[in-house]
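# Observations on the three-dimensional arrangement
Residues per chain, in single letters:
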Amino acid sequence: MSRYLSLLLLCLCAQVLCQDVEIGDDEPVVPPQTQPESAPIAEEDDFYKGSPDISAILSFVDPPLGQPESGGAISLIAGKPATFIVSLENSPKSSNVYSLYILEAALHYPRFFGYHIQNFTVYRLQNTLEPKQQASLLYTFAPAVHLAAQQFDLAVILTYQDQTGKPYFHSLFNQTISFLEDTEGTDVELLFLCIIICGIIVLALVFLWHWISSKTGRKSHKSASYSAVDDLKGNEYTSKKTNRQANSENSNGKVKQRKK
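What counts, and at which threshold
Residues numbered from 1 in each chain as written. Predicted model: local features only at pLDDT ≥ 70, side-chain atom pairs only at ≥ 80, totals over all residues. Heavy atoms only, no water. UniProt positions renumbered as here; feature names shortened; annotations may be inferred. Helix = DSSP H or I, 4+ residues; strand = E, 2+ residues; numbered from the N terminus. Core = buried A, V, L, I, M, F, W, Y, C linked by side-chain atoms within 4.5 Å. Buried < 20%, exposed > 50% of the residue type's maximum accessible area, 1.4 Å probe, protein only. Disulfide = S-S within 2.5 Å.

### A look at the UniProt feature "transmembrane region" (unreviewed entry) in the protein
Taking the UniProt record as the reference, the feature "transmembrane region" (unreviewed entry) is found at residues 190-212. Helix makes up 100% of residues 190-212 and strand 0%, and the two end C-alpha atoms of the span are 33 Å apart.

Here it is in structure tokens:
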């Protein structure tokens, strides 16, 4: 009996020990790894800042708006050429020589730089700017007539590179411009309408003259034919009358001879 009790106690102790000891099946905990910080994304404005050695000033000369203020209202006439001048200077502290390549301008929707409304002339340049050297560039563009009463952003970009071949894209101007309708000079649509009306009037007069001349020609032809018929009738009448007179004279002569 004591043996059974001892075996029972041993079994109970074994169960208790098995419950206390647990085998871990979970995966080992891996400490979080710190990821390297990503490089800051360059903004589009930084991409078009150009070289810090180059200073640029843009001024409108036609119309004479001068140097436009940032955020100021600018108005141009649609369909009329506009001209601006760009003044460049290479800093005296600079040690780089810059080669100017392209000066271009375009109209686009506000905040939509990739969708151009109108592209203007691309000027190919061959100028170089050494330290302490200055240069002036003249640019003329003509916005389309159908842009009147609308607002778009005008972007002017100068492309150049240094002696190492590194390119720079310098945004000289990027502001909203209001395009106005040209109220001076001749209205093309009104002129075209007047030409059409004058052409219609001329065609109507030519048709009327042709109709009147055809009517008068018919009347003159009829009157001429009537006069010819009357002449023929008159000639026949006179010939008959002369024949009658001759016959009567002949008959009278014969009667007189018989009486004798």
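There's plenty left to go through after this.
### Comments concerning the nonpolar core
F141, L154, V156 and L158 are the most contacted members of the largest nonpolar core, which has 34 residues in total. Of all elements in the fold, only β1 (54-62), β2 (74-77), β3 (82-90), β4 (98-109), β8 (134-141), β9 (150-161) and β10 (167-180) reach the threshold of two or more residues within this core.

### Considerations on the state of the cysteines
In this structure the tally under the stated criterion is 0 disulfides. Just so you know, C194 is unpaired, no disulfide at all, and the nearest cysteine sulfur is the one on C198, 6.5 Å from it. Look at C198 and you get partly exposed, because its relative accessible area is 48%.

### Points about the environment of R111
Mapped onto the elements of the fold, R111 is located in the loop between β4 and β5 (112-119). With relative accessibility at 76%, the residue R111 sits in the exposed group. For R111 and D153, which are 42 residues apart along the polypeptide, the C-alpha to C-alpha distance reads 8.4 Å.

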